[in-house]
Amino acid sequence: MHTTHNLILKFYDSFSKLDADTMATCYHPEATFSDPAFGPLTREQVCMMWKMLIERSNGNLTIEFSNIKATKKSGKAQWIATYKFSQTNRKVRNVIKAKFKFKDGLIINHTDSFNFWLWSGMALGWKGYLLGWTPFIKQKVRQQASASLTKYMAKN
């Protein structure tokens, strides 16, 4: 088992314990992140994003992870986040595929992917089911997520 495998394990174990500070130690100083909701983020932004999402969950966030595979340079995992979406209070069970690249034994690039249409249906209700596949809804969600993260970072 490669040490990067243990790094991914540490990352998701910390996430499942709602420990954003330990999650942050897994990222390289030059790390980048991207997902369908937030888009591309810097290391500082992604660390604050995890912290914000954990705080907003008020302890009602469950993280399951599996299928961790890693080499010295890259890795992947599957994880499931179950929570209530803060804007609508609707229950979401999001199945996510993560891809990692490593540098100096830390995560230098982290990309999460998930079915945005399914997520939007769970998070936004009938509007998400009806319009979640459209670029307009994707852009609107990304704008709101970005604004929320910017506001959170300014306060912290």
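A brief structural summary. None of these values were measured; they are calculated from a predicted model.

### Quick word on the layout of surface pockets
One number sums up the size of the largest pocket: a volume of about 570 Å³. Lining the largest pocket are 29 residues, with Phe 38, Leu 53, Tyr 83, Phe 85 and Trp 119 sitting closest to its centre. Sorting the residues of the lining of the largest pocket by element identifies helix 3 (43-57), strand 3 (61-70), strand 4 (74-85), strand 5 (90-103), helix 4 (116-124) and helix 6 (135-155) as the ones contributing at least two each. Residue contributions to the lining of the largest pocket peak at six residues, all from helix 3. The class makeup of the residues in the lining of the largest pocket is 19 nonpolar, six polar and four charged. Considering only enclosed or pocket space, the second largest pocket measures out at about 200 Å³ in volume. Taken together, Gln 87, Leu 124, Lys 127, Leu 131, Phe 136, Ile 137, Lys 140, Val 141 and Gln 144 form the lining of the second largest pocket. Taken together, the elements giving at least two residues each to the lining of the second largest pocket come down to helix 5 (126-131) and helix 6. In terms of residue class, the lining of the second largest pocket is built from five nonpolar, two polar and two charged.

### Notes on the packing of helix 4 against helix 6
Where helix 4 meets helix 6, the axes come as close as 11 Å, and the angle between the chain directions of the two elements is 65 degrees. Every pair of crossing elements has a handedness; the one defined by helix 4 and helix 6 is left-handed. Residues Phe 116, Trp 119 and Leu 124 of helix 4 form the contact with helix 6, whose participating residues are Ile 137, Lys 138 and Val 141. The residue makeup of the contact of helix 4 with helix 6, split by class, is five nonpolar, no polar and one charged.

### Side note on the pairing of strand 1 (residues 27-35)
Inspection of the sheet shows strand 1 paired to strand 6 (residues 106-113) by four bridges, in the parallel sense. Across the sheet, the residue bridging to Thr 32 is Asn 109, located in strand 6. Pairing of strand 1 with strand 2 (residues 39-42), which is carried by four bridges, proceeds in the antiparallel orientation. Note on strand 2: the bridge partner recorded for Phe 33 is Leu 41. Once strand 1 ends, the chain turns through three residues before running back antiparallel as strand 2.

### So, the packing of aromatic side chains
For the coordinates displayed, the defined rule picks out 17 aromatic pairs. Judged by centre distance (5.6 Å) and plane angle (85 degrees), the rings of Phe 11 and Tyr 27 are edge-to-face. Residue Phe 11 is found in helix 1 (residues 3-16), and its partner Tyr 27 is found in strand 1; the two are separated by 16 residues along the sequence. A single burial state applies to Phe 11 and to Tyr 27, both of which are buried. Summarising the aromatic geometry, the rings of Trp 117 and Tyr 129 are spaced 6.1 Å apart at their centres and angled 75 degrees between planes, so their arrangement reads as edge-to-face. Here Tyr 129 lies in helix 5 and Trp 117 lies in helix 4, a separation of twelve residues in the sequence. Clustering of aromatic rings is evident, with ring pairs tying together Phe 11, Tyr 12, Phe 15, Tyr 27, Phe 33, Trp 50, Phe 65, Trp 79, Phe 100 and Phe 102.

What counts as what
Residues numbered from 1 in each chain as written. Predicted model: local features only at pLDDT ≥ 70, side-chain atom pairs only at ≥ 80, totals over all residues. Heavy atoms only, no water. 1 Å grid on protein atoms, 1.4 Å probe; cavity = no way out; pocket = protein on both sides within 12 Å on 5 of 7 lines; lining within 4 Å. Points joined across faces, edges and corners; volume = space filled by probe spheres on them. Helix = DSSP H or I, 4+ residues; strand = E, 2+ residues; numbered from the N terminus. Nonpolar A, V, L, I, M, F, W, Y, C, P; charged D, E, K, R; others polar. Axes fitted to C-alpha atoms, helices over the stretch in contact; angles between N-to-C directions. Left-handed = near helix turned anticlockwise from the far one by under 90°. Contact = heavy atoms within 4.5 Å. Pairing = 2+ DSSP bridges. Phe/Tyr/Trp six-rings, centres within 6.5 Å; stacked < 30°, edge-to-face > 60°. Buried < 20%, exposed > 50% of the residue type's maximum accessible area, 1.4 Å probe, protein only.

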